[in-house]
Structure formats: C-alpha cells, structure tokens
2 protein chains.
Amino acid sequence: MTKEAPYKEIALRKQAERQSRIPRAWLLAALPPSATLDVRSIPRNCGILTAQEIHITEACDATALAQAIRQRKVTSEAVTIAFCKRAAIAQQVTNCLTEIFFQDAIATAKLLDEEYARTGIVRGPLHGVPMSLKDTFKVKGYDASIGIASLAKNPAKENSLLVDILLEQGAVLYCKTGIPQTLMALDSENHLFGRVMNPRNRLVTAGGSSGGEGALIGMRGSVLGVGTDVGGSIRVPAMCNGLYGIKPSARRVPYVGQQGTQKAGTSAVGLPASAGPLATSIRDCELFMEAISNASPWERDPHVYLGGLNKQGTVQEEPLIGIIRRDGVTEPHPPVNKVLDETAEALRRSGIDVIEIDAPAFKKCQSLTNKFFGVDGNNYVFDLLEATGEPLVGWLQGKLRRGTEMSLDKLVGFQAQKTELETEMLKIWREPITGRTVDAIILPVAPHPVAPIDRWSGVGYTSSFVLLDYPAGTLPVRDFQEADMDDELTGEPLNSWDKNNRELWNKPFDRSVYLNTKLSIQVIAPKLQERRLLQAMNLIDRALRGSNTQPKL
Amino acid sequence: MTKEAPYKEIALRKQAERQSRIPRAWLLAALPPSATLDVRSIPRNCGILTAQEIHITEACDATALAQAIRQRKVTSEAVTIAFCKRAAIAQQVTNCLTEIFFQDAIATAKLLDEEYARTGIVRGPLHGVPMSLKDTFKVKGYDASIGIASLAKNPAKENSLLVDILLEQGAVLYCKTGIPQTLMALDSENHLFGRVMNPRNRLVTAGGSSGGEGALIGMRGSVLGVGTDVGGSIRVPAMCNGLYGIKPSARRVPYVGQQGTQKAGTSAVGLPASAGPLATSIRDCELFMEAISNASPWERDPHVYLGGLNKQGTVQEEPLIGIIRRDGVTEPHPPVNKVLDETAEALRRSGIDVIEIDAPAFKKCQSLTNKFFGVDGNNYVFDLLEATGEPLVGWLQGKLRRGTEMSLDKLVGFQAQKTELETEMLKIWREPITGRTVDAIILPVAPHPVAPIDRWSGVGYTSSFVLLDYPAGTLPVRDFQEADMDDELTGEPLNSWDKNNRELWNKPFDRSVYLNTKLSIQVIAPKLQERRLLQAMNLIDRALRGSNTQPKL
C-alpha cells in the first residue's frame, strides 16, 4: 500500500480546524440538497439569525452600517455577531472561508464600542464595520496558506500593512476567504480547503482568484471585503456574484506583506497585482478607497504612490462615457452586448454623452499580458506544492507547468512592447474628432455570462487592464433573463480563444445555466485615476438604477 | 600601415560640422592660453556680444527673461541671438556643445515674437526663452549621437516628447550639449566630441553625464537646460558649475524618445533615469517643472505619473529640515561638512528648525544601486562602440566591460532588497521622538569638493536617491576659500572607497585646486514630492542668501 501524500492529512486537519471555529449554535441542521442551486435564502430561513441580524446583514451596506454605528443606532458588537453568524452559514453552503476568527472580531467590536461610548470619537470611517479579507493577506496568529498545504499551520507573525491600516481605520476583521490553488485560476478550488461555490447558482463558478470574497459577499456574509487582482481576480468574482469590485492601479493600495506565489521582488520586473474592494454598493468601494487614502499609505509602503483620493482624477462637469464593444480576440455573447447597449441608453436618458471608441491596439493586449505571467517559470509555486505531494487541481492540469525562468533579454523586449502598447492605448481617452476627453469607458468584464464551473474563457477583457495599469471596476447591470437566451452569436470563430468562447453559447451548450446569474459591465479610467473611476461608476449606477437611493439601517 | 579605426574619421567630420554651424563673426580671435583656468569672463570681454547681449545673458534668469519678453521689454529674437552668441563662445572655450541649431532657433524666436505681437497671447510660461538640451534628447533633423561615432550622421526623425512639450510651452531650442562616452561617467569626455571643460577652473571636472549643460550654463551660454540623471548626472554637473539642478523622481518628467545606451525596456526592470532642469536660480527649476506640469504629460507618456506640480507635496507651515552628514561609506571632506553647518545655521537664524537625522540604512544604498547598473551586461553599448572601432575613454578603461546579462532570479533578488531598503529609509521622514514630519533633508552632493578631471569619487551620495527614487537637488552655497584648505580629515579609511576619497584631500594632494570652485549641498524630499523639494530649496536658498532678490532685466 502506498503512503498517502502528506497534503491530504494536512487538508483534513485544516478543514477540521476551520469547522471547529464555527460555534455549534451556528451550524445548520442540514445542508441543502445539491438540487438547490440558489442557496442565498438559507441564512434568512435557517433560524440561526435573529430578525435584527437578518435586517443588519441584508438591508445595509458598509456605509450605512458605519453611519448607524456612529449614530449609536446599533453597536459594532451586534453588527459583528450578525455577520459572523451569516459568514458561518455562508461557509457551510458555499465553502467560502479559509481562516475564521469570529471570537477575536467580537472582542474587537466590544472594545470599539466601549471606546466610542467613552470618547465619542471614531477611529476612522470604518469604525465598527466588519470586513472580510482574501486569504493572501496576513493576519497575525492565523495562517495565510493560500490553499497550499505546505504553507498551512504556520501562523503569520505580523499583519500585512493593509490589515494594520484597516484596523486603524476602525474595521473589524472576522474571516479570510477562499482562493484557487496557485492563485492563477478563475475558479477558486484548492486541495486544502476545497472549492468555493456560487451561492446564486451552484452550477456556475464563484469566480477567482478572490472567489471566496465573491461568494461570501454574495451570501451577504460580508458587505465589504478585500481582494487582489492581477488578471481579473477582483472583477471576475464580483461579476460572478453580482457585486461591485474595483481593481485600482497597482501600487495605489498597499499590497506589501501578503503571501504570494512568487519570490519577493518578482512583481517589480513583471506585472504588479493590486488590492481592492468587493462590495454591494459603489459607495462602499469609495469608503474603502477613502479609508486607505486617510492613512497616507505612501508614508509606510514605498511602493504606494503619493496622492490621496482627492488627487486621483475627476470626471468632467459634462461627462463623456466611451464604449468599447470587443477586444478583437473573443467576440462577446449577445447578452453581454445587450447590457452595454442598455447602459448606454440609460446614460443617454440621464443626459450623459456616450460615444463608441475605436481601440485597434486592444487586441494586442491579451497575448502580451500572458507573456508576463510565469516569468519565474512557476518554480516557486511548484516547490511549494511538491513539498507535500500536492498535485495540480483539475483546471490547472495541462495549463500550468514548471519551466525555466525567462531571460532578462526576453523580459526587456516584452517591457518595450508594453510601453508601445500603453502609448497607443492612451489615444482612447480622447474623442478623435473634437479632442474632447473621454472620462471613462464601459466594456465587457468577460465575453460570456457567468460561466459554468471550470469553464471561464477569455480573461483578456480583464487582464489587459493589468498590463495597462488602468483602474477598472465591475458594475452589475441586471439578471440574465429567459429572453436573453434567444439571441444567436453570428459569424465564424476568430481564433481558438473565440472558438472556446462560442462553445459557451452555441448549441449544444444549454444556455439555461445562465438564468439567475448577473450580467455586469466593466468600467475603466486612466491610470491612477481611481476617483475618476468611482465617480463614473456612480454616474452609471445612478443612470441604471434611477434615483440613487442607498440602503440605511 | 594599419587602417585607422573608422570612428576617428567620423569624429573629424562631426567636429567640422559642429564648427561650421558657428557663424564666423562669433569665432574668437584667439583661444585662451591653457594657463587661464577661469574662462568665464571671455564672453564679456571678447567684443562679440553687445552691451545689451551681455546684460541679457548675465543679469537674468529664465523667469526674468520670460517676464521681460511678456512685458515687451525685449524680443525673443534678441534674447535668442544673445544666448546663441554666448553659447558659441562657451563652445570654443569649454567644448560644451554637440549639436548647434542657432539658425532654426532665431527663426523660431522671430515667429514667436510675431505671434505674440499679433495675438498678445504667449504659448506658455517659457514663451521666447532659449533652452539647451543634453545630447540624449532627440530634435528632429539633428543627430542624437550621445558621443558615439556609430550613432552620428543619423538625424532624428522625431522629437523626444519633452522637446515637443518645451516647444509647445514656448521654449526656443538652440543647441544640445556634451556627455561622457556611454553616459556612465561623471566626466564628460567622448571620442566624437572630445572633453567638456569646467569654465570656472579648467583643472577640475565639468561633471557628467550632463556635463555640457553644466559648462554651458556655467558660462551663462544658457540659463535653463535639461539634463538626465540616473546616478548623479544632473546634480554632479550642477555642483561642478555652481548651479541649481533637480533630479525629479523617475517618471515625473517625460523621458521617452531619448537616445540611450540600453535596449528599450531595460529601465522598466532596473533603475529608470529622470530628466530635470539645470539652472541659475531655484525659481527657474520651478518654472521648468511648471511648464512640464502644464502639458499634462501623463496623457501622452504612459510612464509619467498623474499629478501636476500642485499635487506634488508641500512643506509644512512650520518647516522642519533634517541633516544627514554622511553615508557611512565615504567620509566627507571638512569643507563639505562645513557648508552643511553653515546652511543649518542660516536656517536656524531664519527661524527654521533643523534636526540631525540618523539614517543607518543609507550605507547599504550605494552598493545595491551599483548592482542595478549594467543589468544587460553592457552589451548594447559595446556593440555601438565596436561598430566603428571606438575604444573606451581613459576613465572608463578597467571600469566598464562586456559581461553577461544578469539572470532574472538575481535581478528579482536585488529588487526585493531594494524594497526592504526603501521601507527602512521611509523612517528618515519622521522625527523619531516627536513624530513630527521632516520636510526635506540636506546632505552632501559628494564627499569631496569639485574634483580634478577624471577623479570624481563617491557617487553614492547622489546615486542612492536614484535607487530610492527621491527628488533631489543641488543647491550652491559658496565658493571654496583659502581658509577651507586648513582643516584635516581625521580617522582611518573605512574602506577602499573612503581611501580613494581621502586621497582627494590628504597630502600629497594639493588642495589649492579647489579654489574658485563652488561648495554645494544636496536637498532631498520624499518620492514624487517635487513641489515640496522646490519649496524647501527655496527656503534654504533664502536663508543662505538673505533677501530673496531675483534677477530682472
């Protein structure tokens, strides 16, 4: 009998530890049958949450919670317990959590309440608000295993800088969330924790690599979480779970002190990733960016650029929004086009000008971006996996392999191509005839709706804006409806990417899998103009949803 | 008889071409004898300039000239002719020019005068002001040979972006200036154009790599020029010629489209260089930065950061200036220390607080910076040299060689060390006991006064701020005086660098060579805070020079 690979035993222990951190009273009597695809109503109906806890977790965004706490309508403790309970349930039905620290969180919330009662002063804009974090962030005393067995059982000795800043700004941290093995996938599955499921529709992906955040917030087990994105890892799970998500330009939000899958220093020569929010409202994304900006992070992380939120660009008084319909690599499915049209119409109805943008260079972005991934030949991550005999998860098999590190000469050549492409793409920000500035551009997040598990295709729509380093956000438009199933995708495949993508729409594919998923758009702004992006997303959100009513407690 | 290496013939033709571009009437009757060390008075006394031309070139900085042109006290044409004449004389006595385009400049100046007379509107803050450029910048129709024969006789097809911007802002470009072979030296000598001489004292170096700018402005053949700096190449020639010079953070000022000595894309993985001003007043450095900022360069060069001058930091209402006395690698000579003390005293007399800064990490900067130079094994530049049989100039022999390009793994390791060092160095910006912010820090530009030709030592004081990417400027304090010769450098050499540096002070070295050179200090501010640096330098300048009288026409 061959000895079992060590990772399996570690995974069993790790999952048992995670389970042990959920109080017995918060365990569901029974798990939903697998035929139940939409599990979002379980927290409301399971009897574990009180009526107030249901209200807190369902009716409010983080901004409303922060305000209610400041106004003493509710305590941070009550809010924190509500979200801990709901996160516990979310974990049981979507497997979205990695590290659980509910007890620490409730203790912190009590302290914040006492402090506020005593001083009348809040720590910052996040005072008392529970926040969740992608597993890559280090929280002292807990693992940052990123789903790799050899990194488990090695509690962090220090917080990541972003964690320190969130705590200083008053946030209550209560859990960390699931990711894909190696972080280089758009489905969040790994051998240590298993697979994160999409709470709206367990047949489609929850997205990745911040998939645990997506599913948790999709369950309203959190309303504000932090993910990271180097290809689409915030924007894709935001789309999959019907959320708002922002990938800032790299080095805008402190990234230092996370567990990664490359040697320290690699991102300085390749493509750096960004940290950013996933949320249930655009104003919560702004709340997050404001809290970071408040902390003057450039004084503490040398990679963070100078400039608070008020220096991050602005939309013109008479805004101009552009549309890019396709990347020239994969042709979007009909409903993806349709929500772009619907958004443009809504904007025009609101009196905002919309123009079509011709971006011939866009089609070169995806392949160049791919060149930058795995510059180190993936050796660091394979060493980590092989240390406990961990094989690749299914989706990665055949896609990721050990290689040799890239030569410097080759890398330098790619950097030169990148500069050329960045220069060409600068043209999209100016209307060619009038010279008028384009404030923001809407385009697909992906060329397809939320894809079935392990079938995501066409990451170029998101990864290109990592190459270009533009801030980019996901904005949910509406649910996929029966009527969306009727349109056909015409023409012939442009290439193998496009062929794969067409297989997610054309027969024999069963389009009904998309029912109940959210159709979203992506919004982009020029490099380092995060405020401009937030303002544009806010305009678009208002145009789509009519009056800008925001949730309140 | 062996055939002569082709570079010699090219150099002869190139120098003849340069000479032919100086009008006969502007040629000196005789060159000064080599015993004449200070040649600065020649333009005034040679009879080539009119009294008004002497006044224009000697009494004004660029700000005053721009103002006089706007106020119609003088035409751009008159100003341009005056500086062309004086530059022609500077060339004859210091060999500071590479490309000469006086005729184009005078034609441009006329056009600008006519336009202004017609419209009453200036193109920008530089309207009508003559500006010089380091040879690395490309001006359409002229070589950007950077002193390498194989690059000569290949006129640029396009302007560098910075050149376009300066022209749009109204500048009149009339010449380009000398540099060292390979740009990797602090003396500006190459086989194509020869050596740039220091106009104050032809026994000491004019500095490099923007040495031609230094000498030209030192002769007042220009009052505002553009250099580039990746180790000290603006700050060193500024010091050598008694000027103000600013190296901004990289990617603040457009750098794109210059002729370099590495493959395109190399700086993206190593240390990027900066472009910045050399000038005769601190307000002219500000004028330059303002003109660049006006042009929103981030909309045209994807490498330039978002943020105009008004977003580049600011000095506190009650400023705090720090002093760093040594880098821990080379011990400064006594007069270098003395001008730091004198500056601190002047500041204190002006009511500005000054504190000593402990920067233990500073000593690690120089050696790490050196690791980043020649990441490509210098192969690109050796290919350029060998194409015409060009040997290395004396100073570079034994210092620069062809190597193999660095492995990516090694480079990534250095990048990680860089991040650690940057993080440690962030501490210098906060007074450790009170937590008060330090606005700017003064320190030596070099551990010695302006060194004799080919003897510059200890580039760590400047190159470290390329590694750290801090904006850094040179500020002239006073001339080296007889009395400065008396102090002794005590203690034992710390290392071989320090030993070399002591040889520039201790006997048998003849300290009298330093007479008539300028002692300067360096001023630094945190990354991307160019306005904060300019404000601090202005404060220091006022404290040193008493009332802030500025030259006027």
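Given the structure is predicted, the values throughout are model-derived calculations rather than measurements.

1. Considering the overall build of chain A
Then, number 1: Along its length, chain A carries 18 helices and 13 strands.
Then, number 2: Relative to a compact globule of 553 residues, whose C-alpha radius of gyration would be 24 Å, chain A shows 22 Å and is just as compact.
Then, number 3: Expressed as lengths along the three principal axes of its C-alpha atoms, the size of chain A is roughly 65 × 60 × 50 Å.
Then, number 4: For chain A, the residues scored as buried account for 63% of the 553 residues in total.
Then, number 5: Relative to all contacts within chain A whose residues are 6 or more apart in sequence, the contacts with residues 24 or more apart total 80%.

2. Describing the interface of chain B and chain A
Then, number 1: Taken together, the contact pairs 35 residues of chain B with 36 residues of chain A.
Then, number 2: Between chain B and chain A, roughly 3,100 Å² of surface is buried when both sides are summed, and carbon and sulfur atoms account for 63% of that area.
Then, number 3: When residues of chain B are sorted by the area they lose upon contact with chain A, Pro302, Leu306 and Leu408 of chain B head the list and together hold 21% of the total.
Then, number 4: Inspection of the chain B/chain A interface yields 4 salt bridges.

3. Some thoughts on unusual backbone geometry
Note: most residues except glycine have negative phi, and most peptide bonds are trans.
Then, number 1: The linkage connecting Gly208 of chain A with the following residue, Ser209 of chain A, adopts the cis geometry, with an omega of 5°.
Then, number 2: Take Ser209 of chain A: it is sitting in the loop between β5 (194–195) and α8 (211–218).
Then, number 3: Of note, the amide linkage connecting Lys507 of chain B to Pro508 of chain B takes the cis form, showing an omega dihedral of 10°.
Then, number 4: Inspection of the secondary structure assignment puts Pro508 of chain B in the loop between α16 (496–502) and β13 (518–524).
Then, number 5: The phi dihedral of Asn378 of chain A falls on the positive side, at around 60°, and the residue is not glycine.
Then, number 6: Tracing the backbone shows Asn378 of chain A in the loop between α13 (362–372) and α14 (379–386).
Then, number 7: Its identity is not glycine, yet Arg220 of chain B carries a phi of approximately 60°, on the positive side.

4. Some remarks on the UniProt feature "domain: Amidase" (unreviewed entry) in chain A
Then, number 1: Residues given the UniProt feature "domain: Amidase" (unreviewed entry) here are residues 79–534 of chain A.
Then, number 2: Split by type, residues 79–534 of chain A is 32% helix and 14% strand. Its first and last C-alpha atoms lie 27 Å apart.

5. Some thoughts on the pairing of strand β6 (residues 224–229) of chain A
Residue and element names in this part refer to chain A.
Then, number 1: The buried fraction of β6 amounts to 6 of the 6 residues, a majority that puts the element mostly inside the structure.
Then, number 2: Side chains Leu224, Val226 and Thr228 of β6 all project onto a buried face; the interleaved residues Gly225, Gly227 and Asp229 project onto the opposite face, where all are buried too.
Then, number 3: Judged from the 2 bridges that link them, strand β2 (residues 130–134) and β6 form a sheet pairing that is parallel. Across the sheet, Ser132 pairs through a bridge with Gly225, a residue of β6.
Then, number 4: Alignment of β6 against strand β8 (residues 274–279), held across 6 bridges, turns out to be antiparallel. Counted as the bridge partner of Gly227 is Gly276 from β8.

6. Structural notes on the environment of Pro43 of chain B
Then, number 1: Structurally, Pro43 of chain B is set in helix α2 (residues 42–45).
Then, number 2: For the pair Pro43 of chain B and Glu386 of chain B, spaced 343 residues apart in sequence, the C-alpha to C-alpha distance is 39 Å.

7. Considerations on the packing of aromatic side chains
Then, number 1: All chains considered together, the criterion is met by 25 aromatic pairs over all chains.
Then, number 2: Seen in terms of ring centroids, Tyr305 of chain A and Tyr305 of chain B are 4.7 Å apart; in terms of plane orientation they differ by 50°. Their pairing is tilted. Note that Tyr305 of chain A is positioned in the loop between α11 (282–294) and β9 (320–323) and Tyr305 of chain B in the loop between α10 (282–294) and β9 (320–323), a pairing that runs across two chains. For the pair Tyr305 of chain A and Tyr305 of chain B, a shared accessibility class is recorded, and that class is buried.
Then, number 3: With 6.2 Å between their ring centres and 65° between their planes, Phe480 of chain B and Trp505 of chain B make a pair best called edge-to-face. Taken together, the residues Phe480 of chain B in the loop between β12 (472–479) and α16 and Trp505 of chain B in the loop between α16 and β13 connect sequence positions 25 residues apart. Trp505 of chain B matches Phe480 of chain B in its accessibility class, with the two residues each being buried.

8. A look at the relation of the copies chain B and chain A
Then, number 1: Note on the copies: chain B fits chain A at an RMSD of 0.0 Å, the axial shift is 0.0 Å, and the rotation between them is 180°. Taken together, these values place the two copies in the relation of a two-fold axis. Proximity to the rotation axis, assessed at the C-alpha, singles out Val269 of chain B in chain B; its C-alpha lies 2.3 Å from the axis.
Then, number 2: Taken as a fraction of all interface residues of chain B, those also at the interface in chain A reach 100%, which identifies the copy contact as same-surface.

9. A closer look at the pattern of salt bridges
Then, number 1: Applying the stated criterion across every chain yields a total of 85 salt bridges over all chains.
Then, number 2: Linking Lys14 of chain A and Glu17 of chain A is a salt bridge whose minimum nitrogen-to-oxygen distance equals 2.8 Å. Here Glu17 of chain A and Lys14 of chain A lie together in helix α1 (residues 6–20), a separation of 3 residues that amounts to about one turn. When sorted by exposure, Lys14 of chain A lands in the same class as Glu17 of chain A, which is buried.
Then, number 3: Notably, a salt bridge pairs Asp187 of chain B with Arg195 of chain B, separated by 3.2 Å at the nearest N-O pair.
Then, number 4: Ionic contacts of the salt-bridge type, sharing partners, join the residues Lys14, Glu17, Arg21, Glu99, Asp143 and Lys153 of chain A into one network.

10. Re the side chain of Lys418 of chain A
Then, number 1: With respect to the helices, strands and loops of the structure, Lys418 of chain A is situated in helix α15 (residues 408–425).
Then, number 2: Ignoring sequence-local partners within four residues, the contact set of Lys418 of chain A consists of Leu271, Leu368, Phe372 and Leu467 of chain A.

11. What about the confidence of the model for chain A?
Then, number 1: Averaged over every residue, the pLDDT of chain A is 96; the share at 70 or more is 98%.
Then, number 2: Quick note on the complex model: pTM equals 0.97, ipTM equals 0.96.

12. Comments concerning the sheet that holds strand β7 (residues 244–247) of chain B
Residues and elements named next belong to chain B.
Then, number 1: Taken together, 11 strands build an open sheet; the order of strands is β1-β3-β2-β6-β8-β7-β12-β13-β11-β9-β10 and the sheet is mixed. On the outer flanks of this sheet lie β1 (97–100) and β10 (353–356), each paired with one strand and no other. Direction aside, the axes of adjacent strands within the sheet are offset by 25° on average.

13. Digging into empty space enclosed by the protein
Then, number 1: This model, assessed by the stated rule, comprises 10 cavities of 30 Å³ or more.
Then, number 2: Computed from the structure, the largest cavity encloses a volume of approximately 610 Å³.
Then, number 3: If you trace the largest cavity, you find 35 residues lining it, with Arg251, Ala268 and Tyr305 of chain A together with Arg251 and Ala268 of chain B closest to the centre.
Then, number 4: Elements represented by at least two residues in the lining of the largest cavity include exactly α10 (266–269), α15 and α16 (460–467) of chain A together with α14 (408–425) and α15 (460–467) of chain B.
Then, number 5: Ranked by residues supplied to the lining of the largest cavity, first place goes to α14 of chain B with 4 residues.
Then, number 6: Across the lining of the largest cavity, the residue classes break down as 16 nonpolar, 9 polar and 10 charged.
Then, number 7: In terms of lining, the second largest cavity is formed by Arg252, Tyr305, Leu306, Gly307, Lys311 and Leu528 of chain A together with Arg252, Tyr305, Leu306, Gly307, Lys311 and Leu528 of chain B.

14. Structural notes on the UniProt feature "binding site: substrate" (unreviewed entry) in chain A
Residue and element names in this part refer to chain A.
Then, number 1: The UniProt record annotates "binding site: substrate" (unreviewed entry) at Leu183, Ser209, Val230, Gly231, Gly232 and Ser233. Annotated residues spanning 51 residues; largest pairwise C-alpha distance 11.1 Å, indicating a single compact cluster.
Then, number 2: Taking relative accessible area as the criterion, Leu183 reaches 18% and is therefore assigned buried.
Then, number 3: Looking at the secondary structure, you find Val230 in the loop between β6 and α9 (235–240).
Then, number 4: Classification of Val230 by relative accessible area gives partly exposed; the value is 27%.
Then, number 5: Here Val230 is in contact with Leu271, Pro272, Ala273, Phe373 and Val466, once residues within four sequence places are set aside.

Cut-offs and rules
- Residues numbered from 1 in each chain as written.
- Chains lettered and ligands numbered in written order.
- Predicted model: local features only at pLDDT ≥ 70, side-chain atom pairs only at ≥ 80, totals over all residues.
- Heavy atoms only, no water.
- Helix = DSSP H or I, 4+ residues; strand = E, 2+ residues; numbered from the N terminus.
- Rg over C-alpha atoms; globule rule 2.2 N^0.38 Å.
- Buried < 20%, exposed > 50% of the residue type's maximum accessible area, 1.4 Å probe, protein only.
- Contact = heavy atoms within 4.5 Å.
- Buried area = accessible area lost by both parts, 1.4 Å probe.
- Salt bridge = Lys/Arg side-chain N within 4 Å of Asp/Glu carboxyl O.
- UniProt positions renumbered as here; feature names shortened; annotations may be inferred.
- Pairing = 2+ DSSP bridges.
- Phe/Tyr/Trp six-rings, centres within 6.5 Å; stacked < 30°, edge-to-face > 60°.
- Least-squares fit on C-alpha atoms with pLDDT ≥ 70 in both.
- pLDDT = per-residue confidence, 0-100.
- Axes fitted to C-alpha atoms, helices over the stretch in contact; angles between N-to-C directions.
- 1 Å grid on protein atoms, 1.4 Å probe; cavity = no way out; pocket = protein on both sides within 12 Å on 5 of 7 lines; lining within 4 Å.
- Points joined across faces, edges and corners; volume = space filled by probe spheres on them.
- Nonpolar A, V, L, I, M, F, W, Y, C, P; charged D, E, K, R; others polar.

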